[in-house]
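# Survey of secondary and tertiary structure
What follows is the residue order along each chain.
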2 protein chains.
Amino acid sequence: MLDADDKTALHTPEDGVAEPVPFRDEEGFINPDFVALVADTIQESDTARLQHLLEDFHESDLGDLLEALDPDFRPRLIELLGSAFDFTALTEVDEAIREEILEGLNPSTLAEGVRELDSDDAVTILESLGEEDKAEVLDQLPPMERIALQRSLDYPEESAGRRMQTELIAVPPFWTVGQTIDFMRDTADLPETFYEIFVIDPAGHLLGAVALDRLLRSKRPVTIQEIMDDEPDRVEATQNQEEVARLFERYNLVSAAVVDEANRLVGVMMVDDIVDVLEEEADADIKQLGGVKSDEELSDTVLYIQRSRFPWLFANMCTAFLSAGVIRFFEGSLERMVALAILMPIVASMGGNAGTQTMTVAVRALATRELGRTNAWRIIRREAAVGILNGLVFAVILGAVAALWFQSSQIGIVIGLALITVLIFAALGGILVPLTLNRLGVDPAVSSGPFVTSITDIVGFFAFLGIATLWFSL
Amino acid sequence: MLDADDKTALHTPEDGVAEPVPFRDEEGFINPDFVALVADTIQESDTARLQHLLEDFHESDLGDLLEALDPDFRPRLIELLGSAFDFTALTEVDEAIREEILEGLNPSTLAEGVRELDSDDAVTILESLGEEDKAEVLDQLPPMERIALQRSLDYPEESAGRRMQTELIAVPPFWTVGQTIDFMRDTADLPETFYEIFVIDPAGHLLGAVALDRLLRSKRPVTIQEIMDDEPDRVEATQNQEEVARLFERYNLVSAAVVDEANRLVGVMMVDDIVDVLEEEADADIKQLGGVKSDEELSDTVLYIQRSRFPWLFANMCTAFLSAGVIRFFEGSLERMVALAILMPIVASMGGNAGTQTMTVAVRALATRELGRTNAWRIIRREAAVGILNGLVFAVILGAVAALWFQSSQIGIVIGLALITVLIFAALGGILVPLTLNRLGVDPAVSSGPFVTSITDIVGFFAFLGIATLWFSL
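Please read all numbers here as calculations on a predicted model, not as lab measurements.

## Points about a negative patch on the surface
Residues and elements named next belong to chain A. Taken together, the side chains of Glu95, Glu99, Glu103, Glu132, Asp133, Glu136, Asp139, Glu157, Glu158, Glu242, Asp295 and Asp443 present a region of like negative charge at the surface. Contributions of two or more residues to the negative patch are made by helix 5 (95-103) and helix 8 (131-139). Here the element with the most residues in the negative patch is helix 8; it accounts for four residues. Here Glu158 lies in the loop between helix 9 (143-154) and helix 10 (160-163).

Shown next as structure tokens:
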């Protein structure tokens, strides 16, 4: 038997049976041999073998497997597995792949699959459908589920309302622990997992919450009112998911009530969704700092990527022309002393790298709220001091090497002076640009890069060529 | 009354009382006025007011407040609060700050504080102490706690064993649900929060786990054996925390058993610690891609940061000299045609940016295991195609602008050809360098940058100046 869990290092070897082709290697990378085996099985339409191969497969692994398969094989895998296919797997794949797969499925299969899902997963699937398909799938759902999903979809994109789960347990405050436990034992249709139960008044207003361990530890005659936390963690349905994720991270939350503007309980946010949000956010910061749009995915097409990376390169081209303009201003000096042309990119590149270092730290610290008004001034002074120090150190090193290379101590002095200048500007630009953009309400991760590099390039070329022109009276 | 929760947007306004100085603004940034108020209160040694100000303060907020305070005030805040100070707050501050604060406290206060903590938090504090202080604090703890902490500290740094909580509930499989619930009701010293109970044999081997909601839903006479998951999520104590975090993320876990090499239950990993690990890891990737060491913290001193950023700048200087060597090779051409010197930084900078785009995507996808042997070849081809396309597009734009600027269509053609060349190399370098480093077991986040920029700089200068030299027969 193939057991997905054995391949994940989550389980000890003795649980498993000898398995020649594991799905993942020890480092967690997907094994191409396993993917090829699945592809062969799909090719042969061998349903029994496929079901056997993917028995007990976790939905995340199933999602990763779908991504690794040839696009043509993806809908076929779902067809072959039939009701054994868990639609949750579709929430684990890239959006572009999800849309493509969903297009290949017929609405009744889709409605059947969506029906089995938790509301948050169902919303993720519905979000990827066109308006027409969405309406068709919703139409085929039982009224209660349709209304709940429709309500989630009415909240803004990337809000808590979209990510929340609407399956939850809410009881009145006068119930006893015993009543509550009996209710849970007798109700078949409970949420799949939950860590707290909520307490509401008849109008649905949130009064409190009781953690499951608290419930278990209390005696049966105790009322819920007595043990509930009457200031439970709560977020508003319209709140942005990033903001909610920061709260979960800061206060180590596992779940939180989601309420509407009138404090009525509408759903619950779970930490596993928050982990995904935090990862998405970190992904976005990393990509944006590297000049890539935050929504770029590995599955995107060449044309999409080319178009999405174009604006950054275009912005860079414009600033590069600006620096070229600075260089042209010193055309005469360059003609008289070609050594300047050879050395000037070194100055600019040192400035660019030092500026990027400071900017990276600043952008990330702003995102995690570690950098704010309380410490901005201290960090600005610190970065300036680091810039001066590194400027002095590299002025000596670079000056010496340049002096030796061109057999001219004067060249060494000029490049050293230019370097101190550019490293100070790099430090200040690296911290002030993100702070200013943040103050203006612009995401510093997206736009700091081009500004900082323009500053360091222009200052670098201007300082080096300018100082040289004065020094040598070129 | 000041209630920390009111300041976090987790609570609705009606819960709160008018409060002129909130701790955080709406965006989550710390309010300098509140920090100043606390500083004044410390200055006046007004214990009552301080305790009132920080009443119900969440430990995370307390940690952030400590970071925001002047270093001299930090130990004084802890002294003034006395037993009202929750040592968990110290696990929320930067390591450098934690070490500094701990140095200022005497071992008995420290032992008293550590004793109140969950084991994972206690380990974090102990890790920040010198060997001598650590032994002294451990000596003052009750034997059971000392042994548990000592065992955690014996695991390698950044392993699951260091991060795990040793407080857990484990029961034998033959107990009934009723017995288990009664046991929990009668035991005073239960873990603060837990989401599952574990099932072990008399030798402590892990047999299974029961989620709390499962326990609540089952009738009292049912045995644990019947409802337990006999393949519970488990990690090995020696496993690296990043690996464990990826598993939590991939399989949406909330807690997992930690076992030793003999499958004996030694602790439990909780999702809130995992959230921190994932954030640390994302932080590390972001910093490393920006040329900053992963352990740099906002609280580090100028000298520490200067030294820690030096190696990256030094590496960049060396590669910059390499590119300068390439330029010098074409010294003659530059002397005859100064336009080349003006335009060459544009070509190099376009290459550097395009290479960084591809590299950023590749490094992050490797870290999250999205990029592996199954799709490497497809991504390489895709990046090359994007490089060719953007190369062609920018060859036309840049060529046209350069031709107009220097009134020479030939310059336009030369820069266009150079640009196509460099953007193809940038794409290939951006993807092949991280893949190769990863294959060699080197962290691609740390070292890809300098390699990729060297490639794009050298290819950029060589292509542009080389093509120009041939074209104009300089």
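There is more to say after this.
## Here we look at the nonpolar core
With 82 residues, the main nonpolar core has Phe464 of chain A together with Phe464 of chain B as its most contacted residues. With near-sequence residues (within four places) excluded, Phe464 of chain B lies in contact with Leu340, Leu343, Met344, Val347, Val414, Ile415 and Ala418 of chain B. In terms of nonpolar packing, the next biggest core, distinct from the first, is built from 60 residues, Tyr195 and Val258 of chain A together with Leu265 and Leu278 of chain B among them.

## Describing the UniProt feature "transmembrane region" (unreviewed entry) in chain A
Residues and elements named next belong to chain A. Taken from the UniProt record, the annotation "transmembrane region" (unreviewed entry) applies to residues 310-330, 342-363, 384-405, 411-437 and 449-472. The span residues 310-330 is 95% helix and 0% strand, and its two end C-alpha atoms sit 31 Å from each other. Summarising residues 449-472: 96% helix, 0% strand, and an end-to-end C-alpha distance of 34 Å.

## A short note on the domain arrangement of chain A
You can read the domains of chain A as domain 1 (4-158), domain 2 (170-277) and domain 3 (302-471). Of note, the centres of domain 2 of chain A and domain 3 of chain A, computed from C-alpha atoms alone, are 51 Å apart.

## Focus on the relation of the copies chain A and chain B
Taken as rigid bodies, chain A and chain B are interconverted by a rotation of 180° and an axial shift of 0.0 Å, the fit giving an RMSD of 0.1 Å. Put plainly, the chains are arranged around a two-fold axis. The share of interface residues of chain A whose copies in chain B are also at the interface is 100%, consistent with both copies meeting through the same surface.

## Some thoughts on the pairing of strand 2 (residues 196-200) of chain B
Each regular strand carries side chains that alternate between the two faces of the sheet. Residue and element names in this part refer to chain B. A large share of strand 2 lies buried, amounting to four of its five residues. Examined bridge by bridge, strand 1 (residues 170-171) and strand 2 share two bridges and lie parallel to one another. Across the sheet, the residue bridging to Ala170 is Phe198, located in strand 2. Handedness of the crossover joining strand 1 and strand 2 through helix 11 (residues 177-186) is recorded here as right-handed. As defined by bridge partners, strand 2 adjoins strand 3 (residues 206-211) across five bridges and the pair is classed as antiparallel. Within strand 3, the position partnered with Ile197 by the bridge is Val210. From the end of strand 2 to the start of strand 3, which pair antiparallel, there are five residues, and Gly204 there has a positive phi angle of about 90°.

## Focus on the sheet that holds strand 4 (residues 234-236) of chain B
Adjacent strands of a sheet form backbone hydrogen bonds with each other and so pair up, either parallel or antiparallel. Residues and elements named next belong to chain B. Here three strands make up an open sheet; going across it, the order is 4-5-6 and the pairing mixed. Only two strands of the sheet have a single partner each, and these edge strands are strand 4 and strand 6 (265-270). Ignoring which end each strand starts from, the neighbouring axes of this sheet average 35° apart. In this structure, strand 4 lies alongside strand 5 (residues 255-259), joined through three bridges in parallel fashion. When the bridges of strand 5 are listed, Val235 appears paired with Val258.

## Notes on the pattern of salt bridges
Residue and element names in this part refer to chain A. Considering all chains together, one arrives at 43 salt bridges over all chains under this definition. For Arg162, the salt bridge is made with Glu127, and the minimal N-O distance between the two is 2.7 Å. Of this pair, Arg162 sits in helix 10 while Glu127 sits in helix 7 (residues 119-127), and the two are 35 residues apart along the sequence. Using a relative accessible area of 14% as the deciding quantity, one classes Arg162 as buried. Classification of Glu127 as partly exposed rests on a relative accessible area of 36%.

## A look at the packing of helix 1 (residues 32-43) of chain B against helix 4 (residues 73-81) of chain B
Residue and element names in this part refer to chain B. Relative to each other, helix 1 and helix 4 sit at 70°, their axes nearing to 10 Å. Judged by the inter-axis angle, helix 1 sits roughly perpendicular to helix 4. Once helix 1 is placed against helix 4, the crossing between them reads as left-handed. For the pair helix 1 and helix 4, the contacting residues are Val38, Ala39, Ile42 and Gln43 in the first and Phe73, Arg76, Leu77 and Leu80 in the second. Class assignment of the residues belonging to the contact of helix 1 with helix 4 gives a composition of six nonpolar, one polar and one charged.

Analysis parameters
- Residues numbered from 1 in each chain as written.
- Chains lettered and ligands numbered in written order.
- Predicted model: local features only at pLDDT ≥ 70, side-chain atom pairs only at ≥ 80, totals over all residues.
- Heavy atoms only, no water.
- Patch = residues over 30% accessible without salt bridge, like charges linked within 9 Å, V, L, I, M, F, W, Y side chains within 5 Å.
- Areas by Shrake-Rupley, 256 points an atom, 1.4 Å probe, with all protein chains shown as cover.
- Salt bridge = Lys/Arg side-chain N within 4 Å of Asp/Glu carboxyl O.
- Lys, Arg positive; Asp, Glu negative; His and termini not counted.
- Charge placed at Lys NZ, Arg CZ, Asp CG, Glu CD.
- Helix = DSSP H or I, 4+ residues; strand = E, 2+ residues; numbered from the N terminus.
- Core = buried A, V, L, I, M, F, W, Y, C linked by side-chain atoms within 4.5 Å.
- Buried < 20%, exposed > 50% of the residue type's maximum accessible area, 1.4 Å probe, protein only.
- Contact = heavy atoms within 4.5 Å.
- UniProt positions renumbered as here; feature names shortened; annotations may be inferred.
- Domains from an automatic or database assignment.
- Least-squares fit on C-alpha atoms with pLDDT ≥ 70 in both.
- Pairing = 2+ DSSP bridges.
- Right-handed = clockwise from strand over helix to strand, strands pointing away.
- Axes fitted to C-alpha atoms, helices over the stretch in contact; angles between N-to-C directions.
- Parallel < 35°, antiparallel > 145°, perpendicular 65-115°, else oblique.
- Left-handed = near helix turned anticlockwise from the far one by under 90°.
- Nonpolar A, V, L, I, M, F, W, Y, C, P; charged D, E, K, R; others polar.

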